[in-house]
Amino acid sequence: MPPYILYLSLILFVNQAIPAKAALANETEIPLGSTIDAGGVQSWVSPSGRFAFGFYPDDEGFSIGVWLIIGESRNIVWTANRDDPPVSGGSIQLTYGGLQWIPANAGSQGKFIFATSTQPSSAAMMDTGNFVLYDIKKQVLLSTFASPTDTLLPGQNLPPGSQLFSSVSDTNHATGKFRLSNQLDGNLVMYPVDAIDSDSSYWSTDTYRNNYLLTIYLDPNGTLWMFDQNTTYTKVLFLTNQSSRASSDTDTYFRLTLDTDGILRLYSHEFFRQGGAPMTEIVWLQPGNDRCDVKGICGPNSFCLNSNGKTSCSCLPGFEFSSANQSMQGCWRVRTGGCTGNSSNDDIRLRATMVELKNTSWSDKSYAVPPPTTSIGACKDLCLSDCACEIARFDSYCSKQMLPMRYGKMVPGSSNTTLFVKVYTYESEGYTRKTRSGPVAMLISGAALAVFSLLVLLASMLLCKHRLSSRYMRAPQQQDSEFDDERSYTFQDLELSTDGFAEELGRGAYGTVFKGVLTNGNKDIAVKRLRMAENGEREFQREVRAIARTHHRNLVRLLGFCNEGMHRLLVYEYMPNGSLADLLFRSDAVPSWSNRVAIVLDVAKGLQYLHEEIDGPIIHCDIKPENILIDSRGVAKIADFGLAKLLIGNQTQTFTGVRGTRGYLAPEWSKNTAITVKVDVYSYGVMLLETISCKKSMELKLAGEECNISEWAYEYVISGDLKKVAAGECVDEVELERMVRVGIWCTQNQPVTRPTMKSVVQMMERSTEVRRPPPPASFSVTGAIWLIPLIITTQVSFPSGKWQ
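Residues numbered from 1 in each chain as written. Predicted model: local features only at pLDDT ≥ 70, side-chain atom pairs only at ≥ 80, totals over all residues. Heavy atoms only, no water.

> Is there a simple way to explain the nonpolar core in this structure?
Proteins that are soluble and globular tend to have nonpolar side chains buried together. Core analysis: the biggest nonpolar cluster contains 79 residues, and Leu570, Val603, Tyr684, Ile692, Val740, Val760 and Met764 have the highest contact counts within it. With ten residues, the top contributor of residues to this core is helix α9 (residues 593-612). Residue contacts for Val603: discarding those within four places in its chain leaves Ile628, Ala636, Ile638, Tyr684 and Met687. (Core = buried A, V, L, I, M, F, W, Y, C linked by side-chain atoms within 4.5 Å. Buried < 20%, exposed > 50% of the residue type's maximum accessible area, 1.4 Å probe, protein only. Helix = DSSP H or I, 4+ residues; strand = E, 2+ residues; numbered from the N terminus. Contact = heavy atoms within 4.5 Å.)

Structure representation (structure tokens):
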């Protein structure tokens, strides 16, 4: 069939399938005031009996959505407020303000499923699977088709700039790990939700070259189209064989779903009119049946294996799963050692070796590529002698890699790529010595062990007599090794060094900070007494060691700790110039523009390190000016990083109680949804705008009404009067506009819309363009109307690549 015939057929079909008034479709009309109850009749059903809207049970209560009824089961195709916690019951009522959930407990607050500025007169559950709200003229006010979750139904569009997000599981329909993005460059692409760059895509329609704004459309016959409304361009992604499906004895329903495993599948559900069990078939899928083709199916530092159709994840050598019960969440290093392969002097306990791993493929994030003539053996040795190198990769050429390694996959039978993984072992594990056998050897070994134990006991007694001044005697280059007892203080030591905790520097969510002085050299320190007695000793020491292994110019350095009974204290370097909050809100003079720019860039680089450059990313959870400290040279450093981890566990994504400070909290915190590094990005955006304006976010107003700082700043973006955002004199207006845009991008409502900190640094350093952001979600009703054209013309700029 010629393309223009396909195009004309499609346009005719679209116009018929999506009328301005939905009268052409069979529907169950729902009058104003209608109610359904979780304890009684739980849904409104379409005339055909195939689709329903209402309450459906889940593990913890009820969710609200639309489903396709298949025999005794239901297939969820849309979920309301999908990232909110389930409700315990209550009712759904069509009210003057929209469609509202009303809790059973009169003392609890309800919420709107659909809120409208125009009073609805009725609603309808349609045979297409669309649930709509009508005004008095029968015009559609709101519909489920306009806000897809993980599924497209026939007659439903996915317009340019829109996305589908997979669900967490078949029973949990909150936002999952994968997204299908209909990009503004005309490309339909699948990514992991937390994709950090363009190389993270794992499938695409490859339609980005033509500069079309393409709409994705599934027709009732099961054909999947892409078309440009302004031209005659069409592309058929899948064409159903109509002749094989034409039957007067069956009804067939199609749905396109981004499933929980990251695979996009087109399903057909065939219902027999004479009775019998319905038949479900997968008629098309991308990228294929091999789940290992989906990037992100296994977490960082792990690779995917497909054996007889079953998928599993395995860690790199020297790594273990970061969560014992979640093998797909990724892995972290079991042991971190010294800098070089042949340790000596005080650091002889650990030894680095290179362990070979063949037949795997990974995302290539090399930071150095030796000359092409480098042999495979020399490649391994170069990494072993390089402190920064964690992985040597050899695939016809040598490259050095840092952690984390991403998107690993076992490729059976392919030996082109070889990985050499740096693994640290204790000397007793790494060396094979000549030993005697039999009872004599056992006797000698036992005697040696007894003598060694006695020596250790004597040494411990002597060390206890040393004052605080005897600690920290190691050479600077050796302080990057694993946290050990040389950094452990007694409570008495710290009590003496702080003169009985006399001078308080500040207090926060995790504890109180006191100034202290080391008796050797009169070195100033800051001692934080923690409110974390509920943590076990092993967990506390493990997490503190993880904090101690972080070393970056823009992080406050942890010097030591005390873990004695109920006393949990941390010892930090002292920061003489106070906090960013002191500079912005408590100083008589406004800090210079250049100083403020330098500070926010410092913080961005520190967060990039915590999120993306260490083994086991750290979510700070409380980024705010009070937690940004300034050293004697004016360098900004992040304080209190890793402390939230002591409370919420070692996960890069977790469900937890709220951690942080009002005014800086990302929307995820109030939704009981997944908490990722993007909560720090949101808090950074608020802090960035505060640094520009020297104003507190919670003290701003627009037209006499309270507003947050991103709403306030966006008002000046719209008006073009950005000078009013920045405090002080000598402000670079080009730099100002860039920074304000970055701040608004960072404070977007949806985590996936916010940039990564790596992208923030690139935008701040002018290496990446910063496009005009959409308005904050809470901006205003007018702002919500402005969002439509802005989505078509704007997007976050990430590093160059064709899948942007």
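After presenting the structure, the write-up continues.
> Looking at this structure, I do not really get the sheet that holds strand β2 (residues 35-37). What am I missing?
Sheets are built from strands that pair by backbone hydrogen bonding, the pairs being arranged parallel or antiparallel. Taken in spatial order, the four strands make up an open sheet running β2-β7-β8-β9, and their pairing is antiparallel. Strand pairing shows two members of the sheet lacking a second neighbour, β2 and β9 (111-115), which therefore form its edges. Adjacent strand axes in the sheet meet at a mean angle of 20°, parallel and antiparallel pairs treated alike. Bridging between strand β7 (residues 91-95) and strand β8 (residues 98-102) involves five bridges; their strand directions are antiparallel. (Pairing = 2+ DSSP bridges. Axes fitted to C-alpha atoms, helices over the stretch in contact; angles between N-to-C directions.)

> What am I meant to see in the pairing of strand β40 (residues 567-573) here?
Look at any regular strand and the pattern is simple: side chains alternate between the two faces of the sheet. Summarising burial for β40: six of the seven residues are buried, a large majority. Bridging between strand β38 (residues 523-530) and β40 involves five bridges; their strand directions are antiparallel. Each residue of the ladder has a partner; that of Lys528, found in β40, is Leu570. For strand β39 (residues 558-564) and β40, the ladder comprises six bridges, and the chain directions are antiparallel. Across the sheet, residue Phe561 finds its bridge partner in β40, namely Leu570. Connecting β39 to the next strand, β40, in antiparallel fashion are two residues, including Gly565 with a positive phi near 60°.

> Sorry if this is basic, but what is going on with helix α14 (residues 757-764) here?
Side chains that are three or four residues apart share a direction in an α-helix, a result of its 3.6 residues per turn. Most of α14 sits out of view: seven of its eight residues are buried. Every buried residue belonging to α14 is among Met757, Ser759, Val760, Val761, Gln762, Met763 and Met764, and all of these are buried. Against the buried residues of α14 lie α9, α11 (678-693) and α13 (733-746). After α14 finishes, the residue Arg766 shows a positive phi value of roughly 70°.

> Explanation requested: the pattern of salt bridges in the structure shown.
Side-chain pairing between opposite charges can occur once the charged atoms of the two side chains come close. A full pass over the atoms with the stated rule returns 24 salt bridges. Across the salt bridge formed by Lys624 and Asp622, the nearest N and O atoms sit 3.7 Å from each other. With respect to class, Lys624 is no different from Asp622; both count as buried. Notably, a salt bridge pairs Arg771 with Glu769, separated by 3.6 Å at the nearest N-O pair. Within the structure, one salt-bridge network assembled from shared partners comprises Asp259, Asp261, Arg265 and Arg291. (Salt bridge = Lys/Arg side-chain N within 4 Å of Asp/Glu carboxyl O.)

> Would you take a moment to explain the packing of α11 against α14 for this structure?
Any two packed helices are characterised by how steeply their axes cross, that is the angle between the axes, and by the distance between the axes. At their nearest, the axes of α11 and α14 sit 11 Å apart, and the two run at 30° to each other. Judged by the angle between their axes, α11 and α14 are roughly parallel. When the axes of α11 and α14 are compared, the crossing they make is right-handed. Residues Val681, Tyr684 and Leu688 of α11 pack against Met757, Val760 and Met764 of α14. Taken together, the residues of the contact of α11 with α14 break down into six nonpolar, no polar and no charged. (Parallel < 35°, antiparallel > 145°, perpendicular 65-115°, else oblique. Left-handed = near helix turned anticlockwise from the far one by under 90°. Nonpolar A, V, L, I, M, F, W, Y, C, P; charged D, E, K, R; others polar.)

> Hey, could you run me through the state of the cysteines in this one?
Following the criterion strictly, the structure yields five disulfides and no others. Here Cys298 is linked by a disulfide to Cys313, with a sulfur-sulfur distance of 1.9 Å. When the S-S torsion is -85°, as for the bridge of Cys298 with Cys313, the disulfide is left-handed. With a gap of 15 residues between them, Cys298 in the loop between β24 (279-286) and β25 (302-307) and Cys313 in strand β26 (residues 310-315) connect regions that are remote in the sequence. The residues Cys298 and Cys313 share a single accessibility class, namely buried. A disulfide bridge connects Cys315 with Cys331, and the sulfur atoms are separated by 2.0 Å. Disulfide Cys315-Cys331: torsion about the S-S bond near -80°, hence left-handed. (Disulfide = S-S within 2.5 Å.)

> Would you mind showing me how to read the packing of aromatic side chains here?
The description of an aromatic ring pair rests on the distance of the ring centres and on the angle between the ring planes. Across all of its chains, the model carries 16 aromatic pairs by this definition. With centroids separated by 5.9 Å and ring planes inclined at 75°, the aromatic side chains of Phe55 and Phe62 adopt a geometry described as edge-to-face. Looking at Phe55, the relative accessible area reads 0%, which means it is buried. Take Phe62: its relative accessible area is 17%, and that puts it in the buried class. The interplanar angle of 85° and the centroid separation of 6.1 Å between the aromatic rings of Phe178 and Tyr202 together place this pair among those described as edge-to-face. Highlighted residues: Phe178 in strand β16 (residues 175-182) and Tyr202 in the loop between β17 (188-192) and β18 (203-204), separated in sequence by 24 residues. Put simply, the rings of Trp44, Phe53 and Phe131 pair up and form one aromatic cluster. Here Arg50 stacks its cationic end above the ring of Phe271, 3.9 Å away from the centre of that ring. (Phe/Tyr/Trp six-rings, centres within 6.5 Å; stacked < 30°, edge-to-face > 60°. Lys NZ or Arg CZ within 6 Å of the ring centre and 35° of its normal.)

> Would you mind going over the packing of α13 against α14 with me for this structure?
α14 packs onto α13 with a crossing angle of 165° between their chain directions and a minimal axis gap of 10 Å. On the basis of their axis angle, the class for α13 and α14 is roughly antiparallel. Judged by the sense of rotation from one axis to the other, the crossing of α13 with α14 is right-handed. Facing Arg738, Met739, Val742 and Cys746 of α13, the residues of α14 in contact are Val760, Met763 and Met764.

> Sorry, what's going on with α9 here?
Over its 20 residues, α9 extends 28 Å from the first C-alpha to the last, a length consistent with the 28 Å expected when each residue adds 1.5 Å. Most of α9 is tucked away: 16 of the 20 residues are buried. (Expected span 1.5 Å × (residues − 1).)

> Got a minute to help me understand unusual backbone geometry in this structure?
Where the residue is not glycine, phi is negative for most of them; where a peptide bond is considered, it is trans in most cases. A cis amide bond links Gln286 with the next residue in sequence, Pro287, at an omega value of 5°. Among the structural elements, Pro287 can be located in the loop between β24 and β25. Residue Pro404 is bonded to the preceding Leu403 through a cis peptide linkage, with omega at 0°. Its location among the elements puts Pro404 in the loop between β33 (398-401) and β34 (408-410).

> Explain the sheet that holds β16 here, please?
In spatial order, the strands read β15-β16-β17-β18; together these four strands make up an open sheet with antiparallel pairing. On the outer flanks of this sheet lie β15 (163-167) and β18, each paired with one strand and no other. Sheet analysis places β16 next to β17, joined by five bridges and oriented antiparallel. Within the sheet, the bridge partner assigned to Ser181 lies in β17 and is Val189.

> Whenever I open this one, the side chain of Glu612 confuses me. Can you help?
Note on placement: Glu612 falls in helix α9. Of the side chains with opposite charge, Lys758 comes closest to the buried, unpaired Glu612, at an N-O distance of 5.5 Å. Of the polar contacts made by the side chain of Glu612, one reaches the backbone nitrogen of Lys758; its length is 3.2 Å. With residues up to four places along the chain from it excluded, the contact list for Glu612 reads Leu403, Pro404, Thr756, Met757 and Lys758. (Lys, Arg positive; Asp, Glu negative; His and termini not counted. Polar contact = N/O pair within 3.5 Å; in protein donor to acceptor, adjacent residues only side chain to side chain.)

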